[in-house]
Amino acid sequence: MSEAASTRTSVALLPSLAPLLHQWLPRQRWFAGKGSHVAGFSLVSATELLPLQGPGPGLLHLLVRVRQPDLATPQAAADCYQLLIGVRQTLPPVLAPSLIGHLAEGPLAGRTVYEGLHDPRLSAVLLERLRAPGTLGPLRFDRFDRAPAIPRGLLPRPLDAEQSNSSLVYGDTFILKLFRRIHPGPNPDLELPLALARAGCDRAPVPVAWYESHTPEPFTLGVLQPYLRDSRDAWMLALEALAGGRAFDKEAHALGRVTAEVHTALAHALPTVRLRGAQTEQLAAAMTQRLDAAAKAVPALVPYVPRLRAAFDAVAVLGRHGRAWTAQRVHGDLHLGQALHCSTDGAWSVIDFEGEPARPLTERRRPQPAVRDVAGMLRSFDYAARTHRPWNPTWAEVCRDAYCEGYAAACGTDPRDEPELLRAYETDKAVYEVVYEARHRPDWLPVPMAAICRLAAAP
């Protein structure tokens, strides 16, 4: 089928597909608009990766905007999602859990549509496209020139643990992350590991290949990287240490070194800026606004607001008196679960540079003080310690100190030497955690509230 015919078929297909998407999309873990009314859909692009007509199975790649007028911001009210729709006459029993529905009308009337990533025959098509750079309609497939070759015939399997994206593992050799809720512009999960690879930093898996869409805005859609199959994340290792009554300071020290190495490489590879007076006040004001909004959402925060606000005011005052801080590209969502330890060679790697998916892409790509990542990891040690009964605050404090010492050993700058900035970022992170736990995991609310008490009591 020609590209023009493919586009006409896909455009005509969306109205017939819409009733099924109304039911199916809100049930997906990666759908961000749960609980809000779906008013309709509009097509951004449609590409046949395998023909929809014929014996099948066919594979249709869709970028679809979902209209949800009751969401808070105009951007969220028209989020764009990446869908990979399989098409068959009859769905085999093994694929029954992937069913989207049966089309009663439209160009594919009588066919069955389903989540294509769960069909090995269809998910293998993505890897084949990534093996050979080129374009297909609005999609462009690209390769990193220093990446290893991609062999043929690697069997795909989906990972089910993710919340905001989808991933396929190919033969325990590569992992392909597909971004579901997409935004115009380069995704940091491609941009930053690519910058690290080009800078010679081996602390993040190298992007082997990726694919994008230009419709006409550029969207990063998926990134293929080596699959670190012999690795375990630092969160699980920390919990095992706690359960066994073991210290975790050596691992925390190593994580501090790794964080500093990543920050140093990113600062050399990508532009940095200096935050002065007005920018520092804007930074503090944004934190204060988030605190005020959080206190309205979670009344338990209200008694602490004056002391927490003082942490942000202290940064603004320093800025007004001439203090400046370097801002650079950072991980943006660093915690113990984002660090992998390889059991074979003992190396640590940092993964998932996407940042907090709920935040706008422009914000995630904005240079920020490196201490933001440090604060995220320090909060993660506190979370780990709180999973243990009885609570072991000393374990967390030892890890926090070891982490900062490791960071200083690698780059010569100890995050604790800027106590006002570190306290402000820890406070901002804890406020975010309070809102998240109150909404999604009320049983965990005491964890960030303990940090709120500590930070509010700080001199």
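Scroll up for the structure.
As the structure is a computational prediction, the values presented were derived from the model and not from experiment.

J.: Let's hear about the pairing of strand β12 (residues 209–214): which residues, and what values?
T.: Counting buried positions along β12 yields five of six residues, so the element is predominantly enclosed. As judged from the five bridges shared by strand β7 (residues 139–143) and β12, these two strands associate in the antiparallel manner. In the strand pairing of β12, Leu139 is matched with Ser213. Pairing analysis gives six bridges linking β12 to strand β13 (residues 218–226), with the strands arranged antiparallel. Bridge pairing links Tyr211 to Gly222 in β13. Between β12 and β13, which follow one another and run antiparallel, lie three residues.

J.: Kindly report on the state of the cysteines, identifying the contributing residues and their values.
T.: Taken as a whole and judged by the stated rule, the model has zero disulfides. Lacking any disulfide linkage, Cys411 is separated from the closest cysteine sulfur, that of Cys404, by 10 Å. Residue classification places Cys411 among the partly exposed positions, given a relative accessible area of 31%.

J.: Describe the sheet that holds strand β14 (residues 231–233), and please don't skip the residues or the numbers.
T.: Spatially, the three strands line up as an open sheet ordered β14-β17-β18, and their pairing is antiparallel. At either margin of the open sheet sits one strand with a lone partner, and together these are β14 and β18 (348–350). Going from strand to strand, the sheet's axes swing by 30 degrees on average, the running direction of each strand aside. Across three bridges, β14 lies against strand β17 (residues 339–342) in antiparallel orientation. What sits directly across from Arg232, in β17, is His341. Contacts from helix α4 (residues 234–243) reach β14, β17 and β18 within the one sheet, and its direction differs from that of β14 by about 70 degrees. The strands touched by helix α5 (residues 249–269) within the sheet are β17 and β18, with β18 carrying the most contacts at an inclination of about 50 degrees.

J.: So what about the packing of helix α11 (residues 419–440) against helix α12 (residues 446–457)? Which residues, and what values?
T.: Interaxial distance between α11 and α12 falls to 9 Å at its minimum, and their mutual angle equals 150 degrees. The angle between α11 and α12 falls in the class roughly antiparallel. Seen along the crossing, α11 lies across α12 with a hand that is left-handed. Taken together, the residues of α12 that come into contact with α11 (itself represented by Arg423, Glu426, Thr427, Ala430, Val431, Glu433, Val434 and Glu437) are Pro448, Met449, Ala451, Ile452, Arg454, Leu455 and Ala456.

J.: Give a description of the side chain of Ser380 that names residues and reports values.
T.: You can see Ser380 is positioned in helix α9 (residues 371–386). For Ser380, the contacting residues outside a window of four places in its chain are Trp235, His335 and Leu336.

J.: How would you summarise the pattern of salt bridges if you had to cite specific residues and measurements?
T.: Summed over the entire model, instances satisfying the criterion amount to 33 salt bridges. With a closest N to O distance of 3.1 Å, Arg329 and Glu191 form a salt bridge. Of this pair, Arg329 sits in the loop between β16 (325–327) and β17 while Glu191 is found in helix α3 (residues 188–198), placing the two residues 138 residues apart along the sequence. Arg329 gets classed as buried once you look at its relative accessible area, which sits at 6%.

Reading guide: rules and limits
- Residues numbered from 1 in each chain as written.
- Predicted model: local features only at pLDDT ≥ 70, side-chain atom pairs only at ≥ 80, totals over all residues.
- Heavy atoms only, no water.
- Buried < 20%, exposed > 50% of the residue type's maximum accessible area, 1.4 Å probe, protein only.
- Helix = DSSP H or I, 4+ residues; strand = E, 2+ residues; numbered from the N terminus.
- Pairing = 2+ DSSP bridges.
- Disulfide = S-S within 2.5 Å.
- Axes fitted to C-alpha atoms, helices over the stretch in contact; angles between N-to-C directions.
- Contact = heavy atoms within 4.5 Å.
- Parallel < 35°, antiparallel > 145°, perpendicular 65-115°, else oblique.
- Left-handed = near helix turned anticlockwise from the far one by under 90°.
- Salt bridge = Lys/Arg side-chain N within 4 Å of Asp/Glu carboxyl O.

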